[in-house]
Amino acid sequence: MQNINIVDKLNLISKMTFARSANLVKLHFSYLLSNILSRPIIWGLPISVSIEPTTACNLSCPECPSGLKSFTRPIGTIRIDAFKQNIDKVYKDSLYLNFYFQGEPFLHKNFLDMVSYASSKGLYTATSTNAHFLDDETAKKAIQSGLDRLIVSIDGVTQDVYEQYRIGGNLTKVLEGVSNLVLWKKKLKSRTPMIVFQYLVVKPNEHQIDKAKELAKELGVDDIWFKTAQVYDHQHDPNNLIPTINKYSRYKKLTTGESILKSTMKSNCWKMWHSNVITWDGKVVPCCFDKDASHVMGNIADNSMKEIWENSKYNDFRQELMKGRKNIDICSNCSEGLKVWAS
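Keep in mind that what you see is a predicted model, and the values were worked out from it rather than measured. (Residues numbered from 1 in each chain as written. Predicted model: local features only at pLDDT ≥ 70, side-chain atom pairs only at ≥ 80, totals over all residues. Heavy atoms only, no water.)

J.: Tell me about a nonpolar patch on the surface, and name the residues and values.
T.: There is a patch of nonpolar side chains on the surface, built from Ile 6, Val 7, Leu 10 and Ile 13 and spanning about 380 Å² of accessible area. Counting through the fold element by element, Leu 10 comes out in helix α1 (residues 6–14). A residue is classified by how much of its surface remains accessible, and Leu 10, at 53% relative accessible area, is exposed. (Patch = residues over 30% accessible without salt bridge, like charges linked within 9 Å, V, L, I, M, F, W, Y side chains within 5 Å. Areas by Shrake-Rupley, 256 points an atom, 1.4 Å probe, with all protein chains shown as cover. Salt bridge = Lys/Arg side-chain N within 4 Å of Asp/Glu carboxyl O. Helix = DSSP H or I, 4+ residues; strand = E, 2+ residues; numbered from the N terminus. Buried < 20%, exposed > 50% of the residue type's maximum accessible area, 1.4 Å probe, protein only.)

Now the structure itself:
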């Protein structure tokens with residue numbers, strides 16, 4: 001997980017039950033043993049689960065399937081009864097629930113009701129938003145919902161820079177929404193959620209990194225994280241997004257002018273042993289990089305998480321990954337180990 005402040009870390013630890021602790025220990029040991037024996041051994045269940053509230057989004061970001069409306073999988077919104085059933089199947093062993101895969105969570109009319117339900121089960125809850133729907137009333141409800149972490153995407157400190165990536169976005173509305181959150185957090189004397197600015201560093205906004213830090217401090221958010229950007233056609237970078245600051249780029253340029261991924265493809269992946277993703281319609285996929293759900297391991301509506309997690313298809317996928325990640329499509333642009341988080 002990312003670097004988090006001490007209050008947030010203590011909050012996360014406070015939600016660790018005996019069952020969750022035992023599960024985490026089993027996951028770690030099975031992962032280590034799998035690497036030693038070069039074959040997948042699975043003990044335990046995912047400690048971290050992502051659930052997709054909706055695929056809908058109000059923006060048109062150039063490297064996002066939701067914004068580009070480029071999904072090949074069905075689009076839609078999770079039913080709240082289905083969501084509760086999903087939570088009931090995972091909460092005893094899972095600790096961390098991420099309300100995000102694709103889409104803007106606050107477009108779901110029952111989003112904060114879902115957060116409250118997950119929080120009532122003792123789960124650490126987190127989400128990411130473009131912050132266009134945080135009016136005064138919604139901001140208050142967000143603070144009251146029990147949400148533990150709220151990540152706000154802010155990729156520029158002036159409208160002209162911000163909208164170069166967040167196409168269709170309104171920076172003024174974003175900042176008003178964040179101000180509402182900070183105000184209600186103070187009024188309600190709440191320690192949660194941890195409010196974080198997430199700055200996706202791309203070429204058009206890299207010159208505003210220092211100003212973004214100043215803005216975060218001015219507004220009173222808890223932290224700011226700088227994240228490297230995924231570029232699907234990174235070889236050619238048609239939208240001219242790859243930053244020139246090497247620290248914030250997932251890629252390096254060749255003398256030919258093309259760009260390649262900087263990371264080395266190791267034949268293992270901790271994500272395959274500790275987390276997975278549930279789409280709005282119940283499909284379980286192995287990783288957040290599988291945005292089109294092309295590697296469906298099962299459906300949570302039909303099976304328990306244990307049945308899906310331990311089935312032969314999932315283990316075959318892990319085995320294939322251990323032979324070589326470069327042969328798996330969703331691993332080809334993976335950034336594990338390349339995210340840059342800074343306060």
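J.: Any chance you could break down the nonpolar core for me, citing the residues and the numbers?
T.: Judged by nonpolar contacts, the single largest core of 90 residues is most densely connected at Phe 83, Leu 97 and Phe 197. Those residues in contact with Phe 197 that sit more than four places away from it in its chain are Val 152, Ile 154, Leu 175, Val 178, Leu 215, Ala 216, Leu 219, Val 221, Asp 223, Ile 224 and Trp 225. (Core = buried A, V, L, I, M, F, W, Y, C linked by side-chain atoms within 4.5 Å. Contact = heavy atoms within 4.5 Å.)

J.: Requested: an account of the sheet that holds strand β3 (residues 124–129), with residues and values cited.
T.: The nine strands lie next to each other as β6-β5-β4-β3-β2-β1-β9-β10-β11, forming an open sheet whose pairing is mixed. At either end of the open sheet lies a strand with only one pairing partner, and these are β6 (223–228) and β11 (298–299). Note: strand β10 (residues 283–285) against β11, two bridges, orientation antiparallel. The partner of Val 284 across the bridge, within β11, is Gly 298. The strands touched by helix α4 (residues 80–90) are β1 (48–51), β2 (96–98) and β9 (275–278); relative to β1, the strand with the most contacts, the crossing angle is about 175°. (Pairing = 2+ DSSP bridges. Axes fitted to C-alpha atoms, helices over the stretch in contact; angles between N-to-C directions.)

J.: Mind laying out empty space enclosed by the protein, listing which residues take part and the relevant values?
T.: With a probe scaled to a water molecule rolled over the atoms, the places where space remains empty come into view. Applying the stated criterion to the full structure yields one cavity of 30 Å³ or more. Estimated volume of the largest cavity: approximately 70 Å³. Going through the elements one at a time, α10 (271–274) and α12 (312–323) are the ones with two or more residues in the lining of the largest cavity. Partitioned by chemical class, the residues of the lining of the largest cavity number nine nonpolar, no polar and three charged. (1 Å grid on protein atoms, 1.4 Å probe; cavity = no way out; pocket = protein on both sides within 12 Å on 5 of 7 lines; lining within 4 Å. Points joined across faces, edges and corners; volume = space filled by probe spheres on them. Nonpolar A, V, L, I, M, F, W, Y, C, P; charged D, E, K, R; others polar.)

J.: How would you summarise the side chain of Arg 20 if you had to cite specific residues and measurements?
T.: Looking at the element boundaries, Arg 20 is found in helix α2 (residues 18–37). Of the buried charged residues, Arg 20 lacks a salt bridge, with Asp 93 as the closest side chain of opposite charge at 7.8 Å. Among all residues touching Arg 20, those that are not within four sequence positions of it are Lys 15, Ile 47, Tyr 91, Lys 92, Asp 93, Ser 94, Leu 95, Lys 121, Gly 122 and Leu 123. (Lys, Arg positive; Asp, Glu negative; His and termini not counted.)

J.: Could you give an account of the pairing of β9, with specific residues and numbers?
T.: By the alternation rule, side chains of β9 split into Ser 275 and Val 277 and Asn 276 and Ile 278, which are all buried. Pairing analysis gives four bridges linking β1 to β9, with the strands arranged parallel. Across the sheet, Ser 48 pairs through a bridge with Ser 275, a residue of β9.

J.: So what's going on with the pairing of β1? Which residues, and what values?
T.: Burial along β1 is two-sided: the residues Ser 48 and Ser 50 and Val 49 and Ile 51 are all buried. Across three bridges, the pairing between β1 and β2 is parallel. The partner of Val 49 across the bridge, within β2, is Leu 97.

J.: Explain the pattern of salt bridges to me, using residue names and the numbers behind them.
T.: Within this structure, the stated rule accounts for 10 salt bridges. A salt bridge links Arg 73 to Glu 52, with the shortest nitrogen-to-oxygen separation between them at 2.7 Å. With Arg 73 in the loop between α3 (65–68) and α4 and Glu 52 in the loop between β1 and α3, this pair connects stretches of sequence that are 21 residues apart. In terms of burial, Arg 73 and Glu 52 fall into one category: buried. Measuring nitrogen to oxygen at the nearest pair gives 2.8 Å for the salt bridge that ties Asp 222 to Lys 185. Residue Asp 222 is found in the loop between α9 (209–219) and β6, and its partner Lys 185 is found in helix α8 (residues 171–187); the two are separated by 37 residues along the sequence. The partly exposed category is assigned to Asp 222, whose relative accessible area is 34%.

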